[in-house]
Amino acid sequence: MAPALWPCVSRILWLACLLPLAPTGLAAGLYELRLTTDSPATTGAEVTITASLVASDNGSLALPANIHFYRFHWIHTPLLLTGKTDEAFSSTIRAVGHEPGDFPVSVWVTAANCWMCQPVARSLVILSFTELLVGNLIVTQNASLPWPSSYLSKTVLKMSFLLHDPNSFFKTASFLYSWDFGDGTQMVTRDPMVYYNYPTIGNFTVTLKVVAEWEQATLDAGKGITQKTGDFSASLKLHETLQGIQVSGPTQIESFQKMEVTLNFLGSPPLTVCWRLKHECLPLEEGECRPVSVPDTAYNLTHVFRDPGDYCFSIRADNVISKTHQYHRIQVWPSSMQPAVFAFPCATLITMILALIMYVSLRNAHQKDMVENPEPPTGVKCCCQVCCGPFLLETPSEYLEVARENHGLLPPLYKPVKTYTV
């Protein structure tokens, strides 16, 4: 009979265990765990992890009034637990890691009377431990800029090292700081804060080596020196404010001539340059001109004026630190070469047409005379026939005949033939 009653008794005991969890079963998924930690940490240092139970809908769901309604359960192996504190809806543990690496720590919440029941909420966090020192190298300047890692040259920079030691693990340690500012300057201090001024613009990398030493008890009841080190760096972009713009170019020019203007910027590149031609020297508004990226401290402008008058170049330039404006007045006169430029081609074309017409007319007139008068008169010779004969006669024999008639000293064209009778 006893074996027959055992299943019934076991069911009764199981239901008795679940009865206090009836509200908890309904609450599953309505709450979540939020974890906070001060990891990463150096090996041997203590790390604090806090888990807080909150409603999933940002607090509109009320938590139970009974502060002992839930229990927090932790798994932190292989970390060594050094302390635990439970409050109404939160739990905090402190653990130490003696080996470097990443270690998971999990936590879940159940009803206080049944830790084997379904969790109300669970969460997980990864803790990082390293053999090196943990901290940050911070660079600040009085003139704060909105761009990351950008600073002003010729202005003092404050560089400081902030050690991450929330549980005062290094409270008895002494520190040594070795600075390298990236421009050939090095410094060794015992103070975690230094001031430095870069005289030139450019990109620099500051490196810092930190050495910590302290006495620690050994296994043989003695004391030994323990040392930990850390290497840190920060990238800097040193800029110079725009002091102005030097404009090199003419102030008077004639229309239809190309004008070249050189802009020299008194500041550090890269720059954004914008310019516009106006009749008055007024500042440029946003969107009034198209910006151009200039990687150097000089830029050339070219423009051709078509209409005479008074003009003004409005120029705006800015870099990541500051901006400046500059103006350049120029007076444009009417061009004296403009009529000749257009008249010369026309005159040349007209002259060529007239010459062609005269040549055709003279050629036709000469051919007409040759047809009507095969032999020219013996009187006064035509000047064209005398002077331009070689060009108007068609064959060399005609030219020689004309030359023989005009010059009596020339020998006859053909020798007479003698005949004999036998």
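Predicted, not measured: the structure shown is a model, and the values here were computed from it. (Residues numbered from 1 in each chain as written. Predicted model: local features only at pLDDT ≥ 70, side-chain atom pairs only at ≥ 80, totals over all residues. Heavy atoms only, no water.)

Participant: Is there a simple way to explain the overall build of the chain in this structure?
Facilitator: The secondary structure content of the chain amounts to 6 helices and 24 strands. In the chain, the proportion of contacts linking residues at least 24 apart, taken out of those at least 6 apart, comes to 64%. Surface summary for the chain: the accessible area is close to 27,400 Å², and the carbon and sulfur share equals 59%. (Helix = DSSP H or I, 4+ residues; strand = E, 2+ residues; numbered from the N terminus. Contact = heavy atoms within 4.5 Å. Areas by Shrake-Rupley, 256 points an atom, 1.4 Å probe, with all protein chains shown as cover.)

Participant: Looking at this model, I keep getting lost on the nonpolar core. Mind explaining?
Facilitator: In summary, soluble globular proteins display a tendency toward joint burial of nonpolar side chains. By size, the foremost hydrophobic cluster in this structure holds 26 residues, and its most contacted members are Leu157, Met159, Trp179, Phe181, Tyr198, Val210 and Leu236. At the level of elements, β9 (135-141), β11 (156-163), β12 (174-180), β14 (193-197), β15 (202-217) and β16 (223-239) are the ones that each hand at least two residues to this core. In this structure, Leu33, Ile49, Ala55 and Tyr70 belong to the second largest nonpolar core, which totals 25 residues. (Core = buried A, V, L, I, M, F, W, Y, C linked by side-chain atoms within 4.5 Å. Buried < 20%, exposed > 50% of the residue type's maximum accessible area, 1.4 Å probe, protein only.)

Participant: Any chance you could explain unusual backbone geometry here in plain terms?
Facilitator: Most peptide bonds take the trans configuration, and most residues that are not glycine carry a negative phi. Look at the link from Ser39 to Pro40: it is a cis peptide, with omega at 5°. By secondary structure assignment, the location of Pro40 is in the loop between β1 (31-37) and β2 (41-42). Here the residue pair Thr77 and Pro78 is connected by a cis peptide bond, since its omega of 10° sits within 30 degrees of zero. By secondary structure assignment, the location of Pro78 is in the loop between β4 (70-75) and β5 (80-86). Positive phi values are uncommon outside glycine, yet Ser168 reaches one of about 60°. Within the secondary structure, Ser168 is located in the loop between β11 and β12. Even without glycine at this site, Phe256 takes up a positive phi of about 65°.

Participant: Can you help me understand the packing of aromatic side chains in this one?
Facilitator: Centre distance and the angle of the planes are the two values used to describe a pair of aromatic rings. What the rule picks out here adds up to 15 aromatic pairs. Plain terms: the ring middles of Phe169 and Phe170 are 5.0 Å apart, the flat faces sit at 85° to each other, and that makes the pair edge-to-face. Taking the centre distance of 5.0 Å and the plane angle of 40° together, the rings of Phe305 and Tyr311 count as tilted. Here Phe305 falls in the buried class, since its relative accessible area comes to 2%. Ring pairs connect the aromatic residues Phe161, Phe169, Phe170, Phe175, Tyr177, Trp214 and Phe232, which therefore count as one cluster. (Phe/Tyr/Trp six-rings, centres within 6.5 Å; stacked < 30°, edge-to-face > 60°.)

Participant: Looking at this model, I keep getting lost on a nonpolar patch on the surface. Mind explaining?
Facilitator: A surface patch of nonpolar side chains, amounting to about 480 Å² of accessible area, comprises Leu349, Ile350, Ile353, Leu354 and Ile357. Mapped onto the secondary structure, Ile353 falls in helix α3 (residues 338-372). (Patch = residues over 30% accessible without salt bridge, like charges linked within 9 Å, V, L, I, M, F, W, Y side chains within 5 Å. Salt bridge = Lys/Arg side-chain N within 4 Å of Asp/Glu carboxyl O.)

Participant: Looking at this structure, I do not really get the sheet that holds strand β8 (residues 121-130). What am I missing?
Facilitator: Sheet strands pair by backbone hydrogen bonding; their relative direction is either parallel or antiparallel. Strand order in this open sheet of 4 strands is β2-β8-β7-β4, and the pairing throughout is mixed. Edge strands, defined here as strands with exactly one partner in the open sheet, are β2 and β4. As defined by bridge partners, β2 adjoins β8 across 2 bridges and the pair is classed as parallel. The partner of Ala41 across the bridge, within β8, is Phe129. (Pairing = 2+ DSSP bridges.)

Participant: Even after reading the chapter, I still don't get the state of the cysteines, so can you show me in this structure?
Facilitator: By definition, a disulfide links two cysteine residues through a covalent bond between their sulfur atoms. Across all of its chains, the model carries 2 disulfides by this definition. Note on cysteine connectivity: Cys274 is disulfide-linked to Cys289, with sulfurs 1.3 Å apart. With the S-S dihedral at roughly 135°, the linkage between Cys274 and Cys289 falls on the right-handed side. Here Cys274, found in strand β20 (residues 271-278), pairs with Cys289, found in the loop between β20 and β21 (292-294); they are 15 residues apart in sequence, far enough to count as distant. Pair check on accessibility: Cys274 and Cys289 agree, each one buried. Linked covalently through their sulfurs, Cys281 and Cys312 form a disulfide whose S-S length is 2.0 Å. (Disulfide = S-S within 2.5 Å.)

Participant: Would you mind showing me how to read the environment of Pro199 here?
Facilitator: Inspection of the secondary structure puts Pro199 in the loop between β14 and β15. Given a relative accessible area of 53%, Pro199 falls into the exposed group. Between the alpha carbons of Pro199 and Lys154 there is a distance of 4.8 Å; along the sequence they are 45 residues apart.

Participant: What exactly am I supposed to notice about the sheet that holds strand β13 (residues 186-189) here?
Facilitator: Ordered by their spatial adjacency, 5 strands build an open sheet running β10-β16-β15-β12-β13, and the pairing between neighbours is mixed. Each edge of the open sheet is held by one strand with a lone partner, namely β10 (150-152) and β13. Going across the sheet, the axis of each strand differs from the next one's by a mean of 30°, ignoring polarity. Direction of pairing for β12 relative to β13: antiparallel, over a ladder of 4 bridges. Each bridged residue has a counterpart across the sheet, and for Trp179 the counterpart in β13 is Met187. (Axes fitted to C-alpha atoms, helices over the stretch in contact; angles between N-to-C directions.)

Participant: Would you mind going over the confidence of the model for the chain with me for this structure?
Facilitator: Detailed reading of the predicted coordinates is not advisable wherever pLDDT falls low. Per-residue confidence for the chain averages 79 on the pLDDT scale, and 73% of its residues sit at or above 70. Per-element mean pLDDT across the chain ranges from 41 in helix α1 (residues 2-18) up to 97 in β12. When the criterion is pLDDT under 50, residues 1-26 qualifies, and its contacts beyond four places in sequence or with other chains add up to 12 contacts. Residue range residues 377-394 is modelled with pLDDT below 50. Its contacts to residues more than four positions away, or to other chains, number 14 contacts. (pLDDT = per-residue confidence, 0-100.)

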